[in-house]
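Understanding the architecture of this molecule
Spelled out from the first residue to the last, the chains are:
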Amino acid sequence: MMLVAQVEPYTCSMTLSDTSSGVLATLSDGLANAVQRAGRSVVAVHGRRRFPASGLAWRDDQVVTASHVLERDSDLSVTSSDGAQHPARIVGRDSGSDLAVLAVQGASLHPIERAVGGNLSAGHLVLAVGRPGTPEPIASFGAVSSVGGAWRTAQGGLLEAYIRADVALLPGLSGGALVDVSGNVVGLLSAYLAGGDPVAIPIDTVDAVVKRILTGGSLRRAYLGVSTQAVELQDVLRLRLGLEQTAGLMLLGLEPGAPAERAGLLLGDILLAIGDRTVEDGEALQMALGPDVVGKSVTIRLIRGGDLREVSLVPAPRPN
Amino acid sequence: MTLEVISGAAQISDALGELAREVARGVVLVRGSMGSSGSGVIWDQPGLVITNHHVVPGALAELTVAGGRRVRARVVRRAPALDLAALEVEGSLANAARVGDSDRLRVGDLVVAVGNPMGERNAPSLGILASAADEVLRLSITLRPGNSGGALVNARGEIVGIPHMVTGNGLALAVSTRSVGRFLNGATGEVEEDHLRWI
């Protein structure tokens, strides 16, 4: 039964001016083109039981994705934008920065086009583009909320920079691209690094981590084997020792056989600096124990019995 | 920042304002007979308003059109599975929406929802199509209760869907105009009343 057949076309009164219609149509086409352009380089990554996640074609036979979406080490594959599925294997991964590199032998992927110039700032319009096993890419839209410097991820990794954006996290966007309105990639999305908030690792930072993964460099953070408590330094002590810093870290525990104990550190010692980094709180200690100091001799400055001391030790890689 | 950038952004902003105002003329506030409320769209056939099934659980509804006039409407067809309902009013309503083709939307295309979220009249929300257009449109947009049954338009101000469900933070679904077309052509839905005067 026809509900509304044989009715004369009704006169519509909505009159959007040509200018407005043109301006918005141009913006809309621009956004859709950006999604299509970036989408050529965004692949589906099959590495977990639920629906697939996304990844970026880094080279024609290499994909970079979020490490947390690879829930298994074997039986991995990627689906490229032309729908072809290719077996993949893990070349390396770093859970601290939530990045993994996959080799996709025999594939001819379309590598991402990176945004040039680092002028991305709060307020810029961005799109999040993924491909969780769908023929067409998926996308969400928003603005950059902030672009920041060195930060420690929820997984204990240390990253040089981050981009926060108010893009909605569609399921399967992790490992996908954060792109500018031209479709150039500005970052790799992770729903994991910041506890479920949308955050992207800037593409230059991804590049640095990928290089370290590919050259086999250690991404494991350094480890001393201590537990500490931040303490304020008495003024009289600071004056006598000529210290500018107002706090240090008192050793409350030493793991037997770990680098700190082996170097002769004692309970009650107050750590002031590791190398040339002062440590006034636990956060500063974490920042001082980056992958760069693993296996290298560093000088630790401390207060013991009211006197300044220096002790050399070699931090170990953090046990997994 | 160059003057061109500023004026380009201002043009977009002005255009969105104009679009929202124009679309709002064809959006009505719907109060269902069982205390529900939401939005509805004046369709491009006389006397016809499209809304969500869940906005009008009963047989009757009261519509508030642009300008504040209230009119009574009755449900003449509904399709719970599509979450669509067709309302009929006595006579006809001015300011019908322009109905577009949801199948022509591309992922990333700009969409604007205009409805009555939390009772606020004709509030626009900006977003994009989040995945390939289908019976249901997946959107990256922030909607709230009361947007249901309202207008989802493309950049040209044409209706491409009827927002009906929030699925997550900044994520929502709309029934596509493809589905509305099938619904109106009788391909789906249950007729609420025996005689339909517009046949």
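Source: prediction; values computed, not measured.

Further remarks concern the sheet that holds strand β12 (residues 171–176) of chain B. All names here are of chain B. If you walk around this closed barrel you meet the 6 strands as β7-β8-β9-β12-β11-β10, and the pairing is antiparallel. If you compare each strand with its neighbour and ignore which way they point, the axes differ by 45 degrees on average. Looking at chain direction, strand β10 (residues 151–153) and strand β11 (residues 159–168) are connected through 2 bridges and run antiparallel. Bridging across to β11, leucine 152 finds its partner in glycine 161. Docked against the sheet, helix α2 (residues 177–184) engages β11 and β12, running at close to 35 degrees with respect to β12.

All names here are of chain A. With 5 of its 5 residues buried, strand β6 (residues 99–103) lies for the most part within the structure. Residue alternation in β6 divides its side chains into two sets, Leu99, Val101 and Ala103 and Ala100 and Leu102, and both sets are buried. In this sheet, β6 lies alongside strand β3 (residues 62–66) in antiparallel orientation, the contact comprising 5 bridges. For alanine 66, the partnering residue across the bridge sits in β6 and is leucine 99. Examined bridge by bridge, strand β5 (residues 85–94) and β6 share 5 bridges and lie antiparallel to one another. Each residue of the ladder has a partner; that of arginine 93, found in β6, is alanine 100.

By a widely used convention, the size of an interface equals the accessible area lost when the partners come together. Taken residue by residue, the interface counts 39 residues in chain A and 48 residues in chain B. Here chain A meets chain B over a buried area of about 3,800 Å², counting both sides, of which 64% is carbon and sulfur. Counting every contact that joins chain A to chain B gives 0 salt bridges. Remark: the boundary between chain A and chain B carries 7 residue pairs in polar contact (both at pLDDT 80 or more). For the side of chain A that touches chain B, the per-class residue count stands at 26 nonpolar, 11 polar and 2 charged.

Below, the discussion takes up the nonpolar core. The tendency in soluble globular proteins is for nonpolar side chains to be buried as a group. Ranked by size, the top nonpolar core spans 63 residues in total, and within it A:Leu127, B:Trp43 and B:Ile50 carry the most contacts. The element that contributes the greatest number of residues to this core is helix α1 (residues 18–39) of chain A, accounting for 7 residues. What B:Ile50 contacts, discounting residues up to four positions off in sequence, is B:Gly40, B:Val41, B:Trp43, B:Leu84, B:Ala85, B:Ala86, B:Gly149, B:Ile162, B:Val180, B:Phe183 and B:Leu184. Counting 20 residues, the second-largest nonpolar core is a separate cluster that includes A:Leu285, A:Ile300, A:Leu302 and A:Val311.

Now for the pattern of salt bridges. All names here are of chain B. Per the stated rule, a full pass over the model turns up 20 salt bridges over all chains. Between arginine 31 and glutamate 62 there is a salt bridge, and its shortest N-O distance comes to 3.7 Å. Residue arginine 31 is found in strand β1 (residues 27–32), and its partner glutamate 62 is found in strand β4 (residues 60–64); the two are separated by 31 residues along the sequence. Residue arginine 31 is classed as partly exposed on the basis of its relative accessible area of 32%. One salt bridge in this structure joins aspartate 103 and arginine 178, with 3.0 Å as the shortest N-O distance. Of the two residues, aspartate 103 sits in the loop between β6 (84–89) and β7 (110–115) while arginine 178 sits in helix α2, which places them 75 residues apart along the sequence. Residue classification places aspartate 103 among the partly exposed positions, given a relative accessible area of 42%. One network of salt bridges, in which partners are shared, links Asp103, Asp134, Glu135, Arg178 and Arg182.

Definitions and limits used
- In this numbering scheme, every chain counts its residues from 1 along its sequence in written order.
- By the order in which they are written, chains take letters starting at A while ligands take numbers starting at 1.
- Residue-level local features of this predicted model are given only where pLDDT is at least 70; pairs of side-chain atoms are given and counted only at 80 or more, and the full residue set underlies all totals for whole chains, interfaces and linings.
- Side-chain metrics rest on all non-hydrogen atoms present in the structure, leaving aside hydrogens and water.
- Here, strands pair whenever DSSP counts at least two bridges between them.
- Secondary structure elements follow DSSP: runs of H or I no shorter than four residues count as helices, runs of E no shorter than two count as strands, and numbering proceeds from the N terminus.
- The angle between two axes is taken between their N-to-C directions and runs from 0 to 180 degrees, where each axis is a line fitted to C-alpha atoms and a helix contributes only its stretch in contact.
- Residues are treated as being in contact if the distance between any of their heavy atoms lies within 4.5 Å.
- Partly exposed residues are those whose accessible area sits between 20% and 50% of the maximum for their type, while under 20% is buried and over 50% is exposed, using a 1.4 Å probe and protein chains only.
- Take the accessible area each of two parts loses on contact, using a 1.4 Å probe, and add the two losses: that sum is the buried area.
- A side-chain nitrogen of Lys or Arg and a carboxyl oxygen of Asp or Glu constitute a salt bridge if their distance falls within 4 Å.
- N or O atoms within 3.5 Å of each other form a polar contact, as long as, within protein, one can give a hydrogen and the other can take it, and as long as residues adjacent in sequence are counted only when both atoms are side-chain atoms.
- Only Asp, Glu, Lys and Arg are considered charged in this grouping, and only Ala, Val, Leu, Ile, Met, Phe, Trp, Tyr, Cys and Pro are considered nonpolar; every other residue, Gly among them, is considered polar.
- The definition of a nonpolar core used throughout is a set of buried Ala, Val, Leu, Ile, Met, Phe, Trp, Tyr and Cys residues joined through side-chain atoms within 4.5 Å.

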